[in-house]
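The primary structure of each chain is shown beneath.
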Amino acid sequence: ETGVTQTPRHLVMGMTNKKSLKCEQHLGHNAMYWYKQSAKKPLELMFVYSLEERVENNSVPSRFSPECPNSSHLFLHLHTLQPEDSALYLCASSQTVHGGNTEAFFGQGTRLTVV
Amino acid sequence: DAKTTQPNSMESNEEEPVHLPCNHSTISGTDYIHWYRQLPSQGPEYVIHGLTSNVNNRMASLAIAEDRKSSTLILHRATLRDAAVYYCILRPYMDSNYQLIWGAGTKLIIKP
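Residues numbered from 1 in each chain as written. Chains lettered and ligands numbered in written order. Predicted model: local features only at pLDDT ≥ 70, side-chain atom pairs only at ≥ 80, totals over all residues. Heavy atoms only, no water.

Engineer: If you had to explain the overall build of chain A to someone new, which residues and values would you point to?
Structural biologist: Helices and strands together make up the secondary structure of chain A, namely zero helices and 11 strands. Along chain A, helices and strands appear, N-terminal first, in the series β-β-β-β-β-β-β-β-β-β-β. Each of the three principal axes of chain A carries a C-alpha extent, and together these read 40 × 25 × 25 Å. If you take every contact in chain A between residues at least 6 apart in sequence, the share linking residues at least 24 apart comes to 54%. Element-wise, carbon and sulfur atoms account for 49% of the exposed surface of chain A, whose accessible area totals about 5300 Å². Put simply, chain A has 10 plus and 10 minus side-chain charges, and the middle of one group is 11 Å from the middle of the other. (Helix = DSSP H or I, 4+ residues; strand = E, 2+ residues; numbered from the N terminus. Contact = heavy atoms within 4.5 Å. Areas by Shrake-Rupley, 256 points an atom, 1.4 Å probe, with all protein chains shown as cover. Lys, Arg positive; Asp, Glu negative; His and termini not counted. Charge placed at Lys NZ, Arg CZ, Asp CG, Glu CD.)

Engineer: For the interface of chain B and chain A, give the residues involved together with the corresponding values.
Structural biologist: Contact residues are listed per partner, giving 22 residues for chain B and 25 residues for chain A. Approximately 1900 Å² of surface area, both sides summed, lies buried where chain B meets chain A, with 53% of it carried by carbon and sulfur atoms. Scanning the region where chain B abuts chain A turns up zero salt bridges. Inspection of the chain B/chain A interface yields four residue pairs in polar contact (both at pLDDT 80 or more). Among the elements of the structure, β3 (31–38), β4 (45–50) and β8 (84–92) of chain B are those that each provide at least two residues to the side of chain B that touches chain A. It is β3(B) that provides the largest number of residues to the side of chain B that touches chain A, a total of four residues. Residue classes in the side of chain B that touches chain A are distributed as 11 nonpolar, nine polar and two charged. (Buried area = accessible area lost by both parts, 1.4 Å probe. Salt bridge = Lys/Arg side-chain N within 4 Å of Asp/Glu carboxyl O. Polar contact = N/O pair within 3.5 Å; in protein donor to acceptor, adjacent residues only side chain to side chain. Nonpolar A, V, L, I, M, F, W, Y, C, P; charged D, E, K, R; others polar.)

Engineer: Which residues make up the pairing of strand β2 (residues 10–13) of chain A, and what are the values?
Structural biologist: All names here are of chain A. Residue alternation in β2 divides its side chains into a buried set, Leu-11 and Met-13, and an unburied set, His-10 and Val-12. Pairing of β2 with strand β11 (residues 110–114), which is carried by four bridges, proceeds in the parallel orientation. Within the sheet, the bridge partner assigned to Val-12 lies in β11 and is Thr-113. (Buried < 20%, exposed > 50% of the residue type's maximum accessible area, 1.4 Å probe, protein only. Pairing = 2+ DSSP bridges.)

Engineer: Account for the state of the cysteines, with residues named and values stated.
Structural biologist: Residues and elements named next belong to chain A. Applying the stated rule across the entire model yields two disulfides over all chains. Paired by a disulfide, Cys-23 and Cys-91 hold their sulfur atoms 1.9 Å apart. Taking the torsion about the sulfur-sulfur bond, which here is approximately -75°, the covalent link between Cys-23 and Cys-91 counts as left-handed. Of the two residues, Cys-23 sits in strand β3 (residues 18–25) while Cys-91 sits in strand β9 (residues 87–94), which places them 68 residues apart along the sequence. Here Cys-68 stays unpaired: no disulfide links it, and the sulfur of Cys-91, its closest cysteine neighbor, is 9.1 Å away. (Disulfide = S-S within 2.5 Å.)

Engineer: So, the sheet that holds strand β2 (residues 18–23) of chain B: which residues are in play, and what are the values?
Structural biologist: All names here are of chain B. Here we have four strands laid out as an open sheet, ordered β2-β7-β6-β5, and antiparallel in their pairing. At either end of the open sheet lies a strand with only one pairing partner, and these are β2 and β5 (55–56). The sheet contact formed by strand β6 (residues 61–64) and strand β7 (residues 70–75) spans four bridges and is antiparallel. Looking across to β7, one finds that Ala-63 is bridged to Thr-72.

Engineer: Any chance you could break down the packing of aromatic side chains for me, citing the residues and the numbers?
Structural biologist: Remark: the centre distance and the inter-plane angle together describe each pair of aromatic rings, the angle taken between the planes. Residue and element names in this part refer to chain A. Tallied over the entire structure, the rule returns five aromatic pairs over all chains. Residues Tyr-35 and Phe-106 carry aromatic rings whose centres are separated by 5.6 Å and whose planes lie at 45° to one another, so their mutual orientation is tilted. Linking Tyr-35 in strand β4 (residues 31–37) with Phe-106 in strand β10 (residues 105–106), this pair joins segments that are 71 residues apart in sequence. Both residues of the pair, Tyr-35 and Phe-106, belong to the buried class. (Phe/Tyr/Trp six-rings, centres within 6.5 Å; stacked < 30°, edge-to-face > 60°.)

Engineer: Lay out the pattern of salt bridges with the relevant residues and their values.
Structural biologist: Side-chain pairing between opposite charges can occur once the charged atoms of the two side chains come close. Residue and element names in this part refer to chain B. Enumeration over the complete set of coordinates arrives at six salt bridges over all chains. Residues Asp-82 and Arg-37 are paired through a salt bridge, measuring 2.8 Å at the closest nitrogen-oxygen approach. In this pair, Asp-82 sits in the loop between β7 and β8 while Arg-37 sits in strand β3, placing the two residues 45 residues apart along the sequence. Assessed through its relative accessible area of 11%, Asp-82 is described here as buried.

Printed below as a string of structure tokens:
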């Protein structure tokens, strides 16, 4: 138990569906992140939020839409995805976005399959 | 951003120490060295980090070379539960780029 909870753990969706991934952190952290991990590729940063404000959008297609209603919750809204978007989506949090002296805590991830 | 180089895979016997190397020859003076591991079907897990001095915690030890161009993660007594992919990552003290740059990591195989 890392203090970061992601739901659902597994999701299968069609290309015309709309779904949302949810992340909740119980650590009192100010920064939250979405990462994508495709098979045989390194983790890729998608979005960064600091105190509910988006501070980084790493050239992610608009079919991925993040939302951070408060510092404990982070959502990733999905619509009209492509099969190549199938991957493990990971949420992480850290005390602050700045500073190499802080560690990140990850959730278990959501395994997304687009059919 | 400074990059790291790790072996693709390593094997070790259960209950023996494991030394996982990482080269970071372009490290800057304010880069912290972080280690994470990822067990199968799970998210990455923080292991340890350091700047210049060697560090110890309940999971592992981190030995940092004097010139800081390399480091070694030491698992003192490997168990089957330590089988994972281990990532060595650099993060600047004031990280304006926010993200950790992830490489392919080292897949650690533990033999019973």
